[in-house]
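Analysis of the macromolecular model
Okay, here's what each chain looks like letter by letter:
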Amino acid sequence: SQLAEENPWALSVHEGESVTVNCSYKTSITALQWYRQKSGEGPAQLILIRSNEREKRNGRLRATLDTSSQSSSLSITATRCEDTAVYFCAPWTGGYKVVFGSGTRLLVSP
Amino acid sequence: EAAVTQSPRNKVAVTGGKVTLSCNQTNNHNNMYWYRQDTGHGLRLIHYSYGAGSTEKGDIPDGYKASRPSQENFSLILELATPSQTSVYFCASGGGTGGVYAEQFFGPGTRLTVL
């Protein structure tokens, strides 16, 4: 079974709408990262939220973390077409390795 | 200017042939990683390195070797390529110049097709 899993598998919204991607993970973490991967590119980190934090913001992005339920969410407000991408959660246990989920595919239409 | 570059960007190989994928980083990071990405599997770690001269097995190392001759360069080697190794391969660097950090910086990927 995967150590991290995003849901839903895919989302489709119109520009200006808000959207939330959820993540469940199965390991004790030091921090959890959210990455975005646009078509034809490698992933890029959006937010890192530490295990002692409950919420982290970065512009239109807001990440939450609940270590008791081993879950996280990433919300994007006022979506834009350029937010179209695959979003991954990536739990980090403090070592050299980072675990990536399979991703949520977000399509933002005009 | 891109900090993690990969070459080639696209590669077609024949079954049983040898394939070398190269990665170069200018971040001066200690750690480097090779992943493959297939539909439905996300990113899976093949090999990683925590410094020049070191290579470590990741989660799916079978059929792959790695080489880290310098801080900047990390190669992935398929000695006997098979069609099941058709995938998109990503290199990443991370870890700053000391210690361990979570963020990884990815290259643009190499699309490998093994016929």
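Here is a short report on the structure shown in this document.

**Some words on the overall build of chain A**
- When helices and strands are tallied, chain A shows 0 helices and 10 strands.
- Each helix (α) and strand (β) of chain A, taken in turn from the N terminus, gives the series β-β-β-β-β-β-β-β-β-β.
- Sorting the 110 residues of chain A into buried and exposed places 43% on the buried side.
- A separation of at least 24 residues holds for 53% of the contacts in chain A among residues at least 6 apart in sequence.
- Taken as a whole, chain A presents about 5200 Å² of accessible surface, with 47% of it coming from carbon and sulfur.
- Of the charged side chains in chain A, 12 are positive and 10 negative, and the gap between their average positions amounts to 6 Å.

**Quick notes on the sheet that holds strand β3 (residues 19-25) of chain B**
Residues and elements named next belong to chain B.
- The sheet built from 4 strands is open, its strands ordered β1-β3-β8-β7 with antiparallel pairing. What marks the edges here is a single partner per strand, and that holds for β1 (4-7) and β7 (65-67). Strand-to-strand twist across the sheet, computed as the mean angle between neighbouring axes with direction ignored, equals 20°.

**Things to note about the nonpolar core**
Residue and element names in this part refer to chain A.
- Counting residues in each nonpolar core, the largest one holds 22 residues, and the members touching the most others are L32, W34, L74, Y87 and L106.
- Of all elements in the fold, only β3 (19-25), β4 (31-37), β5 (44-50), β7 (61-66), β8 (71-76), β9 (85-92) and β10 (104-109) reach the threshold of two or more residues within this core.
- At 4 residues, β3 tops the list of elements feeding residues into this core.
- Ignoring sequence-local partners within four residues, the contact set of L106 consists of L11, V13, V19, I76, D83, T84, A85 and Y87.

**Some details on the interface of chain A and chain B**
- Listed by partner, the interface residues are 20 residues for chain A and 22 residues for chain B.
- Both faces combined, the contact of chain A with chain B buries some 1600 Å², and carbon together with sulfur accounts for 59% of it.
- Inspection of the chain A/chain B interface yields 1 salt bridge.
- Among the ionic pairs, K97 of chain A bridges to D59 of chain B, the shortest N-O distance being 3.0 Å.
- On inspection of chain A and its partner chain B, the count reaches 4 residue pairs in polar contact (both at pLDDT 80 or more).
- Counting only elements with at least two residues in the side of chain A that touches chain B, the list comes to β4, β5 and β9 of chain A.
- Ranked by residue count, the leading element in the side of chain A that touches chain B is β4 of chain A, at 3 residues.

**Some thoughts on the pairing of strand β5 (residues 42-49) of chain B**
All names here are of chain B.
- The element β5 is largely enclosed, with a buried count of 7 among its 8 residues.
- Here 7 bridges tie strand β4 (residues 31-38) to β5, and the two strands are oriented antiparallel to one another. Paired with Q37 across the bridge in β5 is L43.
- Counting the residues that bridge the hairpin from β4 to β5 gives 3 residues, and of these G40 lies at a positive phi of roughly 85°.

**Description of the state of the cysteines**
- Per the stated rule, a full pass over the model turns up 2 disulfides over all chains.
- Covalently, C23 of chain A is tied to C89 of chain A through a disulfide, its sulfur atoms 2.0 Å apart. Measuring handedness by torsion sign, the sulfur bridge of C23 of chain A and C89 of chain A sits at about 60° and is right-handed. You can see C23 of chain A sitting in strand β3 and its partner C89 of chain A sitting in strand β9, a full 66 residues away along the chain. Assigned by exposure class, C23 of chain A and C89 of chain A land together as buried.
- Disulfide pairing places C23 of chain B opposite C91 of chain B at an S-S distance of 1.9 Å. Taking the torsion about the S-S bond as the criterion, the C23 of chain B to C91 of chain B disulfide, at about -75°, is left-handed. Remark: C91 of chain B occurs in strand β9 (residues 87-94) and C23 of chain B occurs in strand β3; sequence separation between them is 68 residues. Each member of the pair, C23 of chain B together with C91 of chain B, is buried.

What counts, and where the lines are drawn
Residues numbered from 1 in each chain as written. Chains lettered and ligands numbered in written order. Predicted model: local features only at pLDDT ≥ 70, side-chain atom pairs only at ≥ 80, totals over all residues. Heavy atoms only, no water. Helix = DSSP H or I, 4+ residues; strand = E, 2+ residues; numbered from the N terminus. Buried < 20%, exposed > 50% of the residue type's maximum accessible area, 1.4 Å probe, protein only. Contact = heavy atoms within 4.5 Å. Areas by Shrake-Rupley, 256 points an atom, 1.4 Å probe, with all protein chains shown as cover. Lys, Arg positive; Asp, Glu negative; His and termini not counted. Charge placed at Lys NZ, Arg CZ, Asp CG, Glu CD. Pairing = 2+ DSSP bridges. Axes fitted to C-alpha atoms, helices over the stretch in contact; angles between N-to-C directions. Core = buried A, V, L, I, M, F, W, Y, C linked by side-chain atoms within 4.5 Å. Buried area = accessible area lost by both parts, 1.4 Å probe. Salt bridge = Lys/Arg side-chain N within 4 Å of Asp/Glu carboxyl O. Polar contact = N/O pair within 3.5 Å; in protein donor to acceptor, adjacent residues only side chain to side chain. Disulfide = S-S within 2.5 Å.

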